[in-house]
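Spelled out, the chains give:
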Amino acid sequence: TQKEIRWMCAELMRLRTHERSLKQIMRQIGRAEGAEVLLAHKREELRVVRDRKKTLKDAARNRYHISLGKRADSELMGGVAKLQALRYRQLALGDELYHGVRSERRAAIDAEIRQLDTAKDRLKKQFRREFGVILARRTKQVQRWKDAATRGIQTSRNY
């Protein structure tokens, strides 16, 4: 059931994205002259998307007794929080590198930073594949760990 709920959340997110793009297209078409036929077609397509969203939400409410929109938003916010935590951990490690540590600890920090990079990439690709969402666009910007490690100073180490 969790798998099906996750699929429903992903489908809802895709429908939301499609709905947003249709609205944007309709705003652009609205300015064009003689575009009534195309505008009517897009209105019909938008109605179909909204009907599919409503059907999906009703199915989730009837079958699982959940609000699909809230569940989808919580899935997304969970991913954002995970990405943010990975970024802040990486920044803290970069700051630790800047303050100078012994070489054996430096190697361990470098390895952990690389592992965090891999984890971030995996998380972003998972959300892009499952939900069609670019996760990085929804998070706050964080200083890059390389900048924290060097404070903008050129070093001989290749970070």
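Draft legend 1. Spotlight on the pattern of salt bridges. The final tally for this structure, using the stated rule, is 17 salt bridges. Of the charged contacts, one joins R14 and E11 as a salt bridge, the two residues approaching to 3.3 Å between their closest N and O atoms. Note that R14 and E11 are positioned in helix α1 (residues 2–31) at a spacing of three residues, about one turn of the helix. Since its relative accessible area comes to 15%, E11 is described here as buried. With a closest N to O distance of 3.7 Å, D117 and K120 form a salt bridge. Within this pair, D117 and its partner K120 are both found in helix α4 (residues 103–131), separated by three residues, close to a single helical turn.

Draft legend 2. Structural context of α4. For α4, spanning 29 residues, the distance from its first C-alpha to its last is 42 Å, which sits close to the expected 42 Å at 1.5 Å a residue. Within α4, the full set of buried residues consists of R106, I109, D110, I113, L116, K120, L123, F127 and F131. Downstream of α4 by a residue or two, G132 has a phi angle that is positive, lying close to 70°.

Draft legend 3. Expanded view of the packing of aromatic side chains. By the definition in use, this model includes one aromatic pair. Consider the rings of F127 and F131, whose centres lie 5.1 Å apart with planes at 45°: the pair is tilted. Here the residue F127 and the residue F131 both occupy positions in helix α4, the gap between them amounting to four residues, near one helical turn. Accessibility assignment for this pair places F127 and F131 in one class, buried.

The rules behind the values
Residues numbered from 1 in each chain as written. Predicted model: local features only at pLDDT ≥ 70, side-chain atom pairs only at ≥ 80, totals over all residues. Heavy atoms only, no water. Salt bridge = Lys/Arg side-chain N within 4 Å of Asp/Glu carboxyl O. Helix = DSSP H or I, 4+ residues; strand = E, 2+ residues; numbered from the N terminus. Buried < 20%, exposed > 50% of the residue type's maximum accessible area, 1.4 Å probe, protein only. Expected span 1.5 Å × (residues − 1). Phe/Tyr/Trp six-rings, centres within 6.5 Å; stacked < 30°, edge-to-face > 60°.

By themselves, these figures tell us nothing about what the structure is for.
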